[in-house]
Amino acid sequence: MNYHDITKEDMLNGDGIRVVLWVSGCEHKCKNCQNPITWDKNDGLPFDKNAEDELFEALSKSFIDGITFSGGDPLAPYNRAEISRLIKKCAKEYPNKTIWLYTGYLYEEIKDIEGIELVDVLCDGEFVENLKDNNLQWVGSSNQRVINIKRTIQKGEIVLH
């Protein structure tokens, strides 16, 4: 897996102060995407041990509320195994920090991916230009959902955050 950046004190991609891993690769290629530089899975840097150490060092800070996986699309087929591993590691090492994940896939399409049950909030769906709404929090178009995953699993139906 490749990545573009690790943002260490972000307040725009989830509740609180977060670390954000911006992964490379997206198959959706939404018109007027805010981050098309991340579409090419071969772009960016290899997510190696040094990158992982940097990510977890940033996450270890007491004032950090959690981690957000974004991109690109963390759940592009070629990113899934590594993102699942990182989700599990984050949940184990930092059980009191929240995990947010952005994907162009719908929850119904990815709900069985290993580790998804450990995600706190999933922002799902492709960005749709003609549904763009600047008044929405956390997402860019009205078709996208901000889903509380743990409550969704518990209730057996989509529960919004």
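Our structure is the block above this text.
Just so it is clear, the model here is predicted, and its values are computed rather than measured.

Undergrad: What is the right way to look at the layout of surface pockets in this model?
TA: A water-sized probe, rolled over the atoms, reveals where empty space remains. There is about 690 Å³ of room inside the largest pocket. Lining the largest pocket are 31 residues, and of these Gln34, Tyr102, Phe127, Gly140 and Gln144 lie nearest its centre. Grouping the amino acids of the lining of the largest pocket by side-chain chemistry returns twelve nonpolar, 15 polar and four charged.

Undergrad: In this structure, what is going on with unusual backbone geometry? I would like to understand it.
TA: If a residue is not glycine, its phi is most likely negative; likewise, a peptide bond is most likely trans. Non-glycine residue Lys29 carries a positive phi angle of around 50°. With respect to the element layout, Lys29 can be found in the loop between strand 2 (18-23) and strand 3 (45-46). Judged by its relative accessible area of 42%, Lys29 is partly exposed. Phi angles above zero are rare outside glycine, and Asn32 is one such case at about 60°.

Undergrad: I tried to follow the sheet that holds strand 6 (residues 121-124) on my own but got confused; where do I start?
TA: In a beta sheet, neighbouring strands pair by backbone hydrogen bonds and run either parallel or antiparallel. Spatially, the seven strands line up as an open sheet ordered 3-1-2-4-5-6-7, and their pairing is mixed. The two strands at the open ends of the sheet, each matched to only one other strand, are strand 3 and strand 7 (145-148). Across three bridges, strand 5 (residues 98-102) lies against strand 6 in parallel orientation. Note on strand 6: the bridge partner recorded for Trp100 is Val121. Across the sheet, helix 1 (residues 49-59) touches strand 1 (2-10), strand 2, strand 3 and strand 4 (66-71), and the angle it forms with strand 1 is around 15°.

Undergrad: So what exactly am I meant to see when it comes to helix 2 (residues 80-93) here?
TA: Since one α-helical turn is 3.6 residues long, residues separated by three or four positions face the same way. When the terminal C-alpha atoms of helix 2 are compared, their 20 Å separation across 14 residues agrees well with the 20 Å that a helix rising 1.5 Å per residue should span. Every buried residue of helix 2 is listed here: Glu82, Ile83, Ser84, Leu86, Ile87 and Cys90.

Undergrad: Would you take a moment to explain the pairing of strand 6 for this structure?
TA: When a strand is regular, its side chains alternate between the sheet's two faces. Residues Val121 and Cys123 point to one face of strand 6 and Leu122 and Asp124 to the other, with burial holding for every one of them. Bridge analysis of strand 6 against strand 7 gives four bridges, and the strand direction is antiparallel. Residue Asp124 lies in a different strand from strand 7, and its bridge partner there is Arg145.

Undergrad: What is the right way to read the side chain of Asp73 from this model?
TA: Topologically, Asp73 is positioned in the loop between strand 4 and helix 2. Despite its burial, Asp73 remains without a salt bridge, the nearest opposite charge being carried by Arg80 at 7.0 Å. Polar contacts involving the side chain of Asp73 include one to the side chain of Thr103, which spans 2.8 Å. Apart from residues lying up to four places away in sequence, Asp73 is in contact with Val23, Gly25, Cys26, His28, Asn79, Tyr102, Thr103, Gly104 and Tyr105.

What counts as what
Residues numbered from 1 in each chain as written. Predicted model: local features only at pLDDT ≥ 70, side-chain atom pairs only at ≥ 80, totals over all residues. Heavy atoms only, no water. 1 Å grid on protein atoms, 1.4 Å probe; cavity = no way out; pocket = protein on both sides within 12 Å on 5 of 7 lines; lining within 4 Å. Points joined across faces, edges and corners; volume = space filled by probe spheres on them. Nonpolar A, V, L, I, M, F, W, Y, C, P; charged D, E, K, R; others polar. Helix = DSSP H or I, 4+ residues; strand = E, 2+ residues; numbered from the N terminus. Buried < 20%, exposed > 50% of the residue type's maximum accessible area, 1.4 Å probe, protein only. Pairing = 2+ DSSP bridges. Contact = heavy atoms within 4.5 Å. Axes fitted to C-alpha atoms, helices over the stretch in contact; angles between N-to-C directions. Expected span 1.5 Å × (residues − 1). Lys, Arg positive; Asp, Glu negative; His and termini not counted. Salt bridge = Lys/Arg side-chain N within 4 Å of Asp/Glu carboxyl O. Polar contact = N/O pair within 3.5 Å; in protein donor to acceptor, adjacent residues only side chain to side chain.

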